[in-house]
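Chain by chain, the residues:
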Amino acid sequence: MAASLGSSALDALSSTLISPSLSTCLVFLATFLLLLEWRKVQRPRGFPPGPTALPLLGNLGSLPTQEPGMALYKLSKEYGEVFSIYLGHTPWVVLNGYEAVWDALVQHAKEFSDRPVIPVISKVTQRLGILTAPYDHSWKQQRRFAVSTLRNGNTFLKEKISEEVAFLLQTFRESGRVVDPTFTIQNAVSNIVCSIVFGHRFDYDDSRFRHLLHLLAENLRLFSGWIGQLCMVMPWLENCPGPHQRIFRNADALRDFYDESIQVHRQTRVEGQPRDLIDAYLDEMEQESQDQSASSFSDGNLINVVSDLFVAGTETTATTLRWALLYMMAYPSIQDRCQREIDDVIGSSRAPAMSDTASMPYTVAVIHEVQRMANVLPTGFMHATASDVIFRGYRIPKGTIVIPNLTSVLYDENHWKTPLEFNPGHFLNDAGQFVKPDAFLPFSAGPRVCLGENLAKMEIFLFFTSLMRRFQFYWPDPESQPCLAAAIGASRSPQSYQLGIRQRPDK
Ligand code: HEM
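Starting afresh in each chain, residues are numbered from 1 along the sequence in its written order. Residue-level local features of this predicted model are given only where pLDDT is at least 70; pairs of side-chain atoms are given and counted only at 80 or more, and the full residue set underlies all totals for whole chains, interfaces and linings. Where side-chain values are given, they derive from all heavy atoms of the structure, hydrogens and water being excluded.

Here we come to empty space enclosed by the protein. The rule is simple: put a 1 Å grid over the protein atoms alone, call a set of points where a 1.4 Å probe fits but cannot get out a cavity, call an open set with protein on both sides within 12 Å along at least five of seven lines a pocket, and count a residue as lining if it has an atom within 4 Å of a point. Grid points are joined across faces, edges and corners, and a volume is the space filled by probe spheres set on the points. By the definition in use, this model includes four cavities of 30 Å³ or more. Of the voids in this model, the second largest cavity is the one considered here, and its volume is about 90 Å³. Lining of the second largest cavity is provided by R115, P116, I118, I121, S122, T125, R127, L131, T132, F381 and M382. Amino acids outside the nonpolar list (Ala, Val, Leu, Ile, Met, Phe, Trp, Tyr, Cys, Pro) and the charged list (Asp, Glu, Lys, Arg) are all regarded as polar, and Gly is one of them. Across the lining of the second largest cavity, the residue classes break down as six nonpolar, three polar and two charged.

Let us look at the site of the ligand. If a single non-hydrogen atom of a residue is within 4 Å of a molecule or strand, that residue counts as near it. Around the ligand lies a shell of 27 residues, among which R115, R143, H383, S444 and C450 are the nearest. Between H383 and the ligand, the recorded distance is 2.7 Å, taken from a side-chain N or O atom to an oxygen atom. Polar contacts, as used here, are pairs of N or O atoms within 3.5 Å; protein pairs need one atom able to donate a hydrogen and one able to accept it. Residues neighboring in sequence count only if both atoms are side-chain atoms. With respect to the ligand, the side chain of R448 contributes an N or O atom lying 2.9 Å from an oxygen atom. Runs of H or I in DSSP of at least four residues are treated as helices and runs of E of at least two as strands, each being numbered from the N terminus. The element contributing the most residues to the shell around the ligand is helix α14 (residues 299-330), with six residues. For the shell around the ligand, a count of residues per class yields 16 nonpolar, eight polar and three charged.

All right, on to the pattern of salt bridges then. Take a side-chain nitrogen of Lys or Arg and a carboxyl oxygen of Asp or Glu: if they are within 4 Å of each other, that pair is a salt bridge. Here the structure, examined in full by the defined rule, presents 18 salt bridges. Where R392 meets D103, a salt bridge forms, and the shortest distance between an N and an O atom there is 2.9 Å. Taken together, the residues span a long stretch of sequence, with R392 in the loop between β5 (389-391) and β6 (394-396) and D103 in helix α4 (residues 97-107) at a distance of 289 residues. Put simply, E218 and R221 hold a salt bridge, and the shortest N to O gap is 3.8 Å. Of the two residues, E218 and R221 both sit in helix α10 (residues 207-224), three residues apart, roughly one turn of that helix. Burial classes follow relative accessibility: with a 1.4 Å probe on protein chains only, a residue under 20% of its type's maximum area counts as buried, one over 50% as exposed, and anything between as partly exposed. Take R221: its relative accessible area is 48%, and that puts it in the partly exposed class. Residues participating in the shared-partner salt-bridge network are E81, D103 and R392.

Bringing the layout of surface pockets into the picture now. Estimates place the volume of the largest pocket at around 490 Å³. For the lining of the largest pocket, the secondary structure elements donating two or more residues are α9 (182-197), α10 and α14. Ranked by the residues each element gives to the lining of the largest pocket, the list is headed by α10, at eight residues. Split into classes, the residues belonging to the lining of the largest pocket amount to 10 nonpolar, 10 polar and five charged. Taken as a whole, the second largest pocket spans an internal volume of roughly 360 Å³.

A word on the packing of helix α8 (residues 154-174) against α9. Interhelical geometry of α8 versus α9 gives an angle of 155° and a closest axis separation of 10 Å. When the axis of α8 is compared with that of α9, the two are roughly antiparallel. Classified by chirality, the crossing of α9 by α8 is right-handed. Contacts between α8 and α9 involve F156, L157, K160, I161, E164, L168 and T171 from the former and T184, A188, N191, I192, S195 and I196 from the latter. When grouped by side-chain class, the residues that make up the contact of α8 with α9 number seven nonpolar, four polar and two charged. Every axis corresponds to a line fitted to the C-alpha atoms, with the helix fit spanning only the stretch in contact, and the corresponding angles, defined between N-to-C directions, vary from 0 to 180 degrees. The cut-offs work like this: below 35 degrees is roughly parallel, past 145 is roughly antiparallel, 65 to 115 is roughly perpendicular, and the gaps in between are oblique. Each crossing gets its handedness from the near helix: less than a right angle anticlockwise from the far helix is left-handed, clockwise is right-handed. Contacts between residues were defined by any pair of non-hydrogen atoms, one from each residue, lying within 4.5 Å.

Another point: the coordination of the iron atom of the ligand. Water is absent from the atoms considered, so a metal site may look incomplete; donors are defined as N, O and S atoms within 2.8 Å of the metal, or 3.2 Å for Na, K and Ca. Protein coordination of the iron atom of the ligand is limited to a single donor, C450 (SG), positioned at 2.3 Å. Note on placement: C450 falls in the loop between α17 (406-410) and α18 (453-470).

A few words on the sheet that holds strand β9 (residues 499-503). Spatially, β3-β9-β8 is the arrangement adopted by the three strands of the open sheet, whose pairing is antiparallel. With one partner strand each, in any of the chains shown, β3 (178-179) and β8 (471-474) form the two edges of the open sheet. Its contacts with the sheet place α18 against β8 and β9, and it is angled at close to 90° to β8. Strands are treated as partners if at least two bridges between them are detected by DSSP.

Before going further, it helps to spend a moment on the environment of F381. For F381, the position within the fold is in the loop between α16 (361-374) and β4 (383-384). Sequence separation between F381 and I403 is 22 residues, and the spatial gap between their C-alpha atoms is 7.0 Å. Filtering out sequence-adjacent residues up to four positions away, F381 remains in contact with R115, L131, T132 and P404.

So, in structure tokens, the structure goes:
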């Protein structure tokens, strides 16, 4: 009774309040707001074309989270090699095909080498370090320092990789005939970066390190999934509760780990005798503080350089190696041919060395083809325009987010004979010698090109040939075929699989 009295009173009230003129006003207001929203997703004159964007959402939701690079490449067939999409109100320019990507990143390097301000990322990195830093003096100094530290330790790196290979081989020998190699490979690869940066490796059964690697992988997954997309479109979400807060909690746990190690280094270092990258950085900080010129060597940059090398250097290389083993199971005759070459050139009495690459064109071609097909960063990493630019007839304002779509380069129909097929022949000439086509750009190009390219190449070659020399890999389930489709995510990784391992007799 009370309830019905209440509701009829409310009806009466609303009919008094919302008179026809008021409801007309509301309709006008809603239309006006919708028009405003609609205007926000209208491309300015001269801006690259693209699919119609909806008010509020833009093109959000119309792009799949699985194989986003391929979806963008398909859109380029309709809208051209330079087109745009909207995520919410924010336009993103997408570059497609080798020519457009090279033209922007290399020929127009100054204009295209900035990084965008993405609140959810800036909250974690403060735009310090290398990976997410703007294209400025600080980025240049930090990058130069990291590159020279990696280069100085070339012999050291080879030793560390060989040491780690021995641990990995031992683990594979003991692990039984069928395993999921994901974690062991991730740990082995990460140990190389850890040796460079922290001065030591972590055992494969170290539970804290295992947990940190899990957080790292989880954050990459969250960033590249729908949660990450939502945070980009609605930056204010970062202060609200929700599943995205996990990104920040994971990032905090990882930073605590880097920070602890930096503190230990401060207490145990001997000035001028660096044991690793952190010691070398602390030396540099002291030297630069005596210098009058503006120095960017600071606590904030140190922790972010450490984080960038750890984050960028682990998943990418580990994922490539997982693809390599999967492709070897899927193509046993290619595996056989690699093993024959490895046996002929290296034999069993010594370990593989980088100098062997010159006499192993087939294996090197297979590794390159794995990298091309694996395409582990399918849309590269976000760039931004550092100034207004006219590019290929389009007007792109300063600060626009730019995606160099690496999928469209690595699978470019104008540059690869069979772009979607695993074919080591892409990297061999008629005489069976190794050749590298221009469109092989898994590390991107220009001033922002991956600074770990040489290290990654060393790791992939030495891990791959060492494993192939000692083991034969086979698909353990006779009822099914290896699945070469990627799992969901911005970094293109294989779906988890079981690896069949058989020891090869010594040659
Ligand atoms: C197979 C392995 C790897 C692949 C495919 C790869 C690929 C890439 C790509 C596509 C970029 C973005 C370049 C751009 O913005 O245009 C990048 C950036 C970067 N990579 Fe790698 N990477 C790999 C391994 C590594 C390793 C081992 C390290 C270091 C230990 C590393 C450190 C970095 C850093 C610091 C950047 C940021 C460069 C900058 O902004 O100036 N990467 N990488």
